[in-house]
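What the coordinates show
Here is how the chains run, residue by residue.
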Amino acid sequence: MQPLQFLIDEITKGRKLHISIIDFSKILTTHETKVKFKNQVHMINFCNIAKSTSRGYRICQRSKRLANQKALKEKKPFGGYCAYGLYEVAHPVIVEDTVVAIVYVGNAVIDEETSIARAKKYSKHSGANRDKLCGELVNAEHLKSPEELFRIAELVADYLLILYNRAPKVREKKMHWLVTLMKNHADELFRTEINLSELA
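One structure accompanies this document, and this report is about it.

Parameters at a glance
Residues numbered from 1 in each chain as written. Predicted model: local features only at pLDDT ≥ 70, side-chain atom pairs only at ≥ 80, totals over all residues. Heavy atoms only, no water. Helix = DSSP H or I, 4+ residues; strand = E, 2+ residues; numbered from the N terminus. Buried < 20%, exposed > 50% of the residue type's maximum accessible area, 1.4 Å probe, protein only. Polar contact = N/O pair within 3.5 Å; in protein donor to acceptor, adjacent residues only side chain to side chain. Contact = heavy atoms within 4.5 Å. Core = buried A, V, L, I, M, F, W, Y, C linked by side-chain atoms within 4.5 Å. Expected span 1.5 Å × (residues − 1). Arc of directions from axis to C-beta. Phe/Tyr/Trp six-rings, centres within 6.5 Å; stacked < 30°, edge-to-face > 60°. Lys NZ or Arg CZ within 6 Å of the ring centre and 35° of its normal.

What follows concerns the side chain of His 18. Residue position: His 18 is located in strand E1 (residues 18-23). Residue His 18 is classed as buried on the basis of its relative accessible area, which comes to 9%. At a separation of 2.8 Å, a polar atom in the side chain of His 18 contacts the main-chain carbonyl oxygen of Lys 38. If we skip the residues at most four places from it in the chain, His 18 touches Lys 38, Asn 39, Val 41, His 42, Met 43, Ile 44, Tyr 104, Val 105, Gly 106 and Asn 107.

Tracing the backbone shows Thr 12 in helix H1 (residues 4-12). Residue Thr 12 is classed as buried on the basis of its relative accessible area, which comes to 18%. In this view, Thr 12 contacts Leu 17 and Ile 19; residues no more than four positions away in its chain are not counted.

A separate point is the nonpolar core. Residues Leu 4, Ile 19, Ile 21, Val 93, Val 103, Leu 149 and Val 156 are the most contacted members of the largest nonpolar core, which totals 29 residues. Counting only elements with at least two residues in this core, the list comes to H1, E1, strand E3 (87-95), strand E4 (98-109) and helix H6 (147-166). No other element matches H6, which puts 9 residues into this core. Formed by 16 residues, the second largest nonpolar core is a distinct cluster that contains Phe 46, Ile 49, Cys 60 and Ala 83.

Take helix H3 (residues 54-74) next. The end-to-end C-alpha distance of H3 is 30 Å, a good match for the 30 Å that 21 residues give at a rise of 1.5 Å each. Listed as buried for H3 are Gly 56, Ile 59, Cys 60, Lys 64, Ala 67, Asn 68 and Ala 71. Angular distribution of buried residues about the axis of H3 spans 165°; they occupy a single face of the element. Exposed residues lying more than 90 degrees from the buried face of H3 are Ser 54 and Lys 73. In this structure, the buried residues of H3 make contact with E1, helix H2 (45-50), strand E2 (78-81), E3, E4 and helix H4 (112-126).

Attention shifts here to the packing of aromatic side chains. A complete count under the given rule lists 2 aromatic pairs for this structure. With 5.2 Å between their ring centres and 90° between their planes, Tyr 81 and Tyr 87 make a pair best called edge-to-face. Of note, Lys 64 hangs over the ring of Tyr 104, and the distance from its end group to the ring centre comes to 3.4 Å. In this structure, Lys 70 packs its charged tip against the face of Phe 78, placed 4.7 Å from the ring centre.

Okay, the environment of Glu 136 next. Mapped onto the fold, Glu 136 is located in helix H5 (residues 130-136). The spatial distance from the C-alpha of Glu 136 to the C-alpha of Phe 46 is 5.8 Å, given a sequence separation of 90 residues. Beyond its immediate chain neighbours, meaning those up to four positions away, Glu 136 contacts Asn 45, Phe 46 and Ile 49. A polar contact is formed between the side chain of Glu 136 and the side chain of Asn 45, at a distance of 3.2 Å.

And the structure:
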């Protein structure tokens, strides 16, 4: 079977969708389930603009935290708009009645008027650049309905479970999922080239 990253790349090829997976239990640590860092966090320009101020960053983090809590508690797929107007679907990945990961499929616009209204409202509240934020909506996947997002999230979650169940289990030192995510983030930043103009 092909690795999970292959499936994600094939689904998103030529599209503006973004797929990310939050791993609570090291389910993404096998050779077959490992994904790129950009598929472990929101790495799209719209989100970077929204998070460009400290208040905007807090709004995004609160929104994601509430979505994570809902997925962990309800253990079923759901969809909705983020504070700034992008539509996203969350699909919990469940092993033995425990949510081990959440597949997010987003960077979508279902109703353009709703997305623009939310982007304007929250950019005013957060201080994020409204024109840049609204302009970035053209780089989202425009759909008439969220149904395809739900199907994609289910496909990725099911494929992840199949790969994980087939992989040999290796005992590793347990770290809290957030520590693992932060470590991966630090590793990615360490490998990223920066120059003085980016720091200014």
